[in-house]
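# Overview (structure and organization)
Spelled out from the first residue to the last, the chains are:
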Amino acid sequence: MNLLEKISIQNMMMKKKEPDKEESPVMGGPVSWVENCEAVSTRFEFDSDGRLDVKLLKDARPVINVMVDSFLSKFFPAGYPYSVNEGYLRYTQFRALQHCSSAALSVLSTQSLLFAAGLRPTPAQATVVSWILKDGMQHAGKLICSSLGARMDSEPKRWRILADVLYDLGTGLEVLSPLCPHLFLEVAGLGNFAKGMAVVAARATRLPIYSSFVKEGNLSDLFAKGEAISTLFNVVGLGIGIQLASTVCSSMQGKIIAGSLLSFVHVYSVVEEMKAVPVNSLNPQRTAMIVADFLKEGKVSSPADLRFREDLLFPGRLIEDAGNVKVGRDLHRAAKPSKLREWKEIFPEEKFILSRGRKWTDMVLEHDATGEDALRGWLLAGFASSFGKTTHDLKSDVLLEAYEKMDNVFPRFLAELREKGWHTDRFLDGVGSRFAV
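This one's a predicted model, so the numbers in the text were calculated from it and none came from an experiment.

### Thoughts on the nonpolar core
- Counting residues in each nonpolar core, the largest one holds 46 residues, and the members touching the most others are W343, M363, W378, L379, L380 and F413.
- Mapped onto this core, the elements with two or more residues apiece are helix 11 (284–297), strand 5 (325–327), helix 13 (331–334), strand 6 (352–356), strand 7 (361–366), helix 15 (371–387) and helix 16 (396–419).
- Ranked by residue count, the leading element in this core is helix 16, at 10 residues.
- Excluding residues that lie within four positions of it along the chain, L379 makes contacts with V291, F294, L295, M406, V409, F410 and F413.
- Grouped together as the second largest cluster of nonpolar side chains are 18 residues, L222, I229, V277 and V279 included.

### Description of the environment of S109
- With respect to the element layout, S109 can be found in helix 3 (residues 88–116).
- A residue is classified by how much of its surface remains accessible, and S109, at 0% relative accessible area, is buried.
- Sequence separation of S109 and D168 is 59 residues, and the distance between their C-alpha atoms is 10.0 Å.
- What S109 contacts, discounting residues up to four positions off in sequence, is T171, E174, V175 and K195.

### Some details on the pattern of salt bridges
- This structure, assessed with the given rule, holds 24 salt bridges.
- The partner of R95 in a salt bridge is E227, with the nearest N and O atoms 3.2 Å apart. Of this pair, R95 sits in helix 3 while E227 sits in helix 9 (residues 219–246), placing them 132 residues apart in sequence.
- Within this structure, R90, E272 and K275 form a network of salt bridges that share partners.

### A closer look at helix 11
- Relative to the 20 Å expected for 14 residues at 1.5 Å per residue, helix 11 spans 20 Å between its end C-alpha atoms, a close match to the ideal helical length.
- Here helix 11 lies mainly inside the structure; 10 of its 14 residues are buried.
- All of the buried residues along helix 11 are Q285, R286, T287, A288, M289, I290, V291, A292, D293 and F294.
- G298, located one to two residues past helix 11, shows a positive phi value of around 75°.

### Overview of unusual backbone geometry
- Even without a glycine there, the phi angle at N324 is positive, about 50°.
- Residue N324 is classed as partly exposed on the basis of its relative accessible area, which comes to 22%.

### Things to note about the side chain of D293
- Locating D293 in the fold gives a position in helix 11.
- Setting aside anything within four residues of it in sequence, one finds D293 in contact with G298, K299, S301, L306 and R309.

Rules behind the numbers
Residues numbered from 1 in each chain as written. Predicted model: local features only at pLDDT ≥ 70, side-chain atom pairs only at ≥ 80, totals over all residues. Heavy atoms only, no water. Core = buried A, V, L, I, M, F, W, Y, C linked by side-chain atoms within 4.5 Å. Buried < 20%, exposed > 50% of the residue type's maximum accessible area, 1.4 Å probe, protein only. Helix = DSSP H or I, 4+ residues; strand = E, 2+ residues; numbered from the N terminus. Contact = heavy atoms within 4.5 Å. Salt bridge = Lys/Arg side-chain N within 4 Å of Asp/Glu carboxyl O. Expected span 1.5 Å × (residues − 1).

So, in structure tokens, the structure goes:
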């Protein structure tokens with residue numbers, strides 16, 4: 001029985017008890033009911049002002065179940081696992097390991113820096129000072145990395161991995177600084193420079209990664225719970241770092257061995273973490289993979305289907321099944337003026353041009369081209385490549401045949417893409433060159 005039915009029954013009972021009174025749109029008393037679910041008894045009550053009061057009457061679950069439920073409510077989005085996209089648990093597990101190893105490594109690096117500077121701090125002092133030594137050369141690294149924002153939008157997973165590699169590089173320099181105390185300023189400055197770039201890259205890619213898991217408009221909840229998990233495991237990592245600094249890392253050899261192991265765990269965790277992220281925006285690599293799957297198998301892949309197949313280190317590789325398309329070259333390098341004129345005469349409404357070379361097909365987009373335009377161009381290049389494999393130029397008859405086929409299948413192709421969760425309103429090509437007519 002649902003809530004409306006219960007309210008209706010109580011109203012009818014009240015009317016039977018007071019038949020002579022006129023009907024009133026306001027209920028005469030509170031409406032309440034008790035729900036029992038898995039040894040949990042909860043009382044719900046609407047008071048006379050319409051406010052809902054919830055009271056736990058009985059919880060007979062084992063203590064471990066109560067603790068797990070409390071942990072999930074504090075560190076996972078409301079409605080988990082139904083309120084997030086596939087892969088969120090794996091992402092969170094490796095994110096926790098990543099932050100734990102990173103925090104432990106930061107304690108060791110800070111202790112080494114202070115030794116190199118001529119101090120003899122305790123592990124606890126190293127933990128406190130680690131929050132202070134984040135200035136100086138870090139600002140220069142942040143300024144330089146901030147100019148690469150468009151590339152990070154296009155490849156957030158790649159740049160997130162690069163951020164952690166840079167962070168470990170900077171931390172490694174700090175750990176090794178006691179070996180050359182006379183170069184303390186240079187080594188520490190270079191380490192902080194790398195860490196400054198890492199901070200900007202990590203923060204800039206955080207939002208598109210979180211957005212990939214949004215399922216019910218709960219981005220703020222995802223962000224808050226993700227930061228809560230980061231904070232929790234940063235504290236755990238600091239505790240581990242203090243313990244290591246007091247024991248096995250009291251010598252330089254111990255620091256090098258422990259630092260190398262922590263760095264390996266850190267980078268491995270972020271790689272596995274990024275593999276779990278189902279990014280649903282269109283960039284050159286994901287568009288090529290979608291088109292290749294469609295032309296080869298006749299199906300449209302979802303973001304979850306592609307997440308483990310993405311090349312996170314070299315995303316610019318050409319995919320033959322998708323026409324070997326390369327996006328973003330300057331127009332004057334990609335096509336001659338005569339070919340541009342010919343293209344616009346044949347396809348005046350399209351916001352892209354294709355120019356086939358010996359090794360790849362260049363696609364240059366107009367400034368206001370969307371993801372749909374890029375998909376049309378890529379699909380056309382794929383069909384044209386399959387029709388004219390023996391030529392090194394896109395002949396008009398080949399183009400017209402391929403265009404007719406592309407135009408016929410595109411509505412169904414686009415509808416399936418949207419159904420799978422892809423955002424087709426924009427195409428993130430990084431700093432690729434575009435043109436205006």
